Amino acid sequence: MTSDPLKASGSGLLDDLYREIILDHYRRPRNHDPLQSPTCSADGANPLCGDTIHLEVDLDGRTIGDIAFAGSGCSISQASASMMTEYVKGRSVDDARRGAEAFQLMMTSGEPQSLEGFDDIDALLGVAKFPARVKCASLAWKTLEQALEGGGTASTEKDASHD
Amino acid sequence: MTITTPDEVTRLPFDIERIRRDFPILKRDIGTKPLVYLDNAATSQRPVQVLAEMTRFYRDHNANIHRGVHTLSVEATDLYEESRRKVARFVNARRPEEVVFTRNTTESINLVAHGWGRKFLQAGDEVVISEIEHHSNIVPWQMLRDERGIVLKYIPMLPDGTLDLEAARQLIGPKTRLLSITAMSNALGTIVPLEVLIAQAKEHGAKVLVDGAQSVPHLPVDVQALDIDFLAFSAHKMLGPTGMGALWARYEHLDAMDPFMGGGDMILTVTMERSTWADVPAKFEAGTPNVGGAIGFGAAVDYLSALGMDAVRAHELELTDYALRRLGDVPGVSIFGPPNAEDRGGVISFELEDVHPHDVGQVLDTHGVAVRTGHHCAQPVMAALTVPATARASFYIYNTTEEVDRLAVAIEEVSRFFGGA
């Protein structure tokens, strides 16, 4: 699924990557205020770009009662985090994990996912055409999985010391 | 063998249109826009002359070197060794044997760390580097520190991207055995005042390694005038092929150093019990080397020598001066590094307010403008600037002020694209 480098750019593709809804989430991130007393949290980092996400989750039994993120990084990483929080808020942990799997599948296959409520997130489909940016988009979901595992640190790189 | 005088090089006028015709890739389109290649600090492009010399070797002279009596092997050996002479002359080495061919700057520095550092440095010996080094001049010394207990010291960076020379005076002392320092920062373009630091190192009897990955392609470099011990550089940043680099070192150091790798071509005799090493530089070139790459390296040096490195520097200085002013006028742009063009190579590291460097690079690409984004393998520099990454435009002989204009206009487009809240 490597794209033809001779056709790998152009403003059409750019519109695919930066859909208006993505820019909207980037400019006005949702669920961006810290929680009072989160039940679990996790930090994610993409060491090659410097994208970071801090995620706080309030679990109500097996349901994600509330969620918030903070972070810094490119528009794709931060918009993806904002969209992720919107999707998982109020859903069960199992649904959230299914969302994470669907997102990963979308990035590797380049195909839209038919999960209910995933419409906004499908806007990130264009990222799949930019292999260098897939890690940016995936960071939020990896951090979510880390938080649901009980917290800690998620990284898009196993070994952060190389470039 | 002695070095021939460089008079045989015919100087050509610095004709930018003629130069650009030598680089067919510059005629490429990216999407629908003509390419503006501004990622030369990562790797340069190669002119048709270099490509032709490499093709000619593989087509007409290809054979293994230093081995055969047959005609092709003799020709290949002659071409390989002629390239060594060209590279040696380019940095004003005393003799061609002082040039060891490697894969790149990184391998050259590692060769010094292994062949010289492991043999001559002991626990407590100090190696002084700086905060603006590329990872390739940090990590080998950290590895040696962990293995041998040497002490690694860093000359700090000031906010304007220059080195703190006052601090350097304190750091370089009687325990310093090696000063290993870049001549030009790849992340910021800072030109390091080598003479000052080298004089301090010499005062304490320390050896000096210069990381010339960014300086040798862009500035006149003379190892004898600098009075240094080691110089590491790469072919691919100076019009030559990838996978090709060089370590220049004083002959007596190479003679005293242990080999890095064992194998064919680096031995004098091998018995079942032991082996003896070949002479310098063959001792450090185990196995069949990158013969075609070395020949391309020689052709690249020919190309630059014909232009003259003073003319190369003058051209880049003009571009850098223009770019500092032109980009400095673009709203939201902050430029890192020394404010004056004279103090920097053709490297402009910048950030655009409220837009992450990766987004900047992505949108610039759609305008055909190729820049590097990220930490540039210089994470300590990013940490000192307290930014995760920067966008970096870097120039070479074929870039024009019109291309700087296209960069500036494209950055304004980026602002518009992300700005409309």
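Residues numbered from 1 in each chain as written. Chains lettered and ligands numbered in written order. Predicted model: local features only at pLDDT ≥ 70, side-chain atom pairs only at ≥ 80, totals over all residues. Heavy atoms only, no water.

Notes on the interface of chain A and chain B
Right, on to step 1. Counting residues at the interface gives 24 residues for chain A, matched by 23 residues for chain B.
Right, on to step 2. Roughly 1900 Å² of surface becomes buried between chain A and chain B when both sides are summed, with 51% attributable to carbon and sulfur atoms.
Right, on to step 3. Seen at the junction of chain A and chain B, the total is one salt bridge.
Right, on to step 4. Where B:D359 meets A:R133, a salt bridge forms, and the shortest distance between an N and an O atom there is 2.9 Å.
Right, on to step 5. Linking chain A with chain B are seven residue pairs in polar contact (both at pLDDT 80 or more), by the criterion used here.
Right, on to step 6. Of all the secondary structure elements, the ones that give two or more residues to the side of chain A that touches chain B are α1 (11-17), α2 (20-27) and α3 (75-88) of chain A.
Right, on to step 7. Its residues assigned to classes, the side of chain A that touches chain B shows 14 nonpolar, five polar and five charged. (Contact = heavy atoms within 4.5 Å. Buried area = accessible area lost by both parts, 1.4 Å probe. Salt bridge = Lys/Arg side-chain N within 4 Å of Asp/Glu carboxyl O. Polar contact = N/O pair within 3.5 Å; in protein donor to acceptor, adjacent residues only side chain to side chain. Helix = DSSP H or I, 4+ residues; strand = E, 2+ residues; numbered from the N terminus. Nonpolar A, V, L, I, M, F, W, Y, C, P; charged D, E, K, R; others polar.)

Some words on the confidence of the model for chain A
Residues shown with low pLDDT carry predicted positions that ought not to be read at fine detail.
Residues and elements named next belong to chain A.
Right, on to step 1. Taken over all residues, the pLDDT of chain A has a mean of 85, while the share at 70 or more is 88%.
Right, on to step 2. Here residues 1-10 scores under 50 on pLDDT; set against residues more than four positions off or in separate chains, the count is 13 contacts.
Right, on to step 3. Throughout residues 159-163 the model reports pLDDT below 50, and contacts reaching past four residues in sequence, or to other chains, amount to six contacts. (pLDDT = per-residue confidence, 0-100.)

As for the environment of B:L152
Residue and element names in this part refer to chain B.
Right, on to step 1. With respect to the helices, strands and loops of the structure, L152 is situated in strand β6 (residues 151-155).
Right, on to step 2. With relative accessibility at 13%, the residue L152 sits in the buried group.
Right, on to step 3. A sequence separation of 24 residues divides L152 from T176, and the C-alpha atoms of the two residues are 9.6 Å apart.
Right, on to step 4. Beyond its immediate stretch of four places on either side in the chain, L152 contacts V127, I129, I138, W141, Q142 and R145. (Buried < 20%, exposed > 50% of the residue type's maximum accessible area, 1.4 Å probe, protein only.)

Quick notes on the sheet that holds strand β10 (residues 245-249) of chain B
All names here are of chain B.
Right, on to step 1. Read across the open sheet, the seven strands follow the order β4-β10-β9-β8-β7-β5-β6; overall the sheet is mixed. Pairing within the sheet leaves two strands with one partner each, and these edge strands are β4 (99-102) and β6. On average, each strand axis in the sheet is tilted by 20 degrees relative to the strand beside it, whichever way the strands run. (Pairing = 2+ DSSP bridges. Axes fitted to C-alpha atoms, helices over the stretch in contact; angles between N-to-C directions.)

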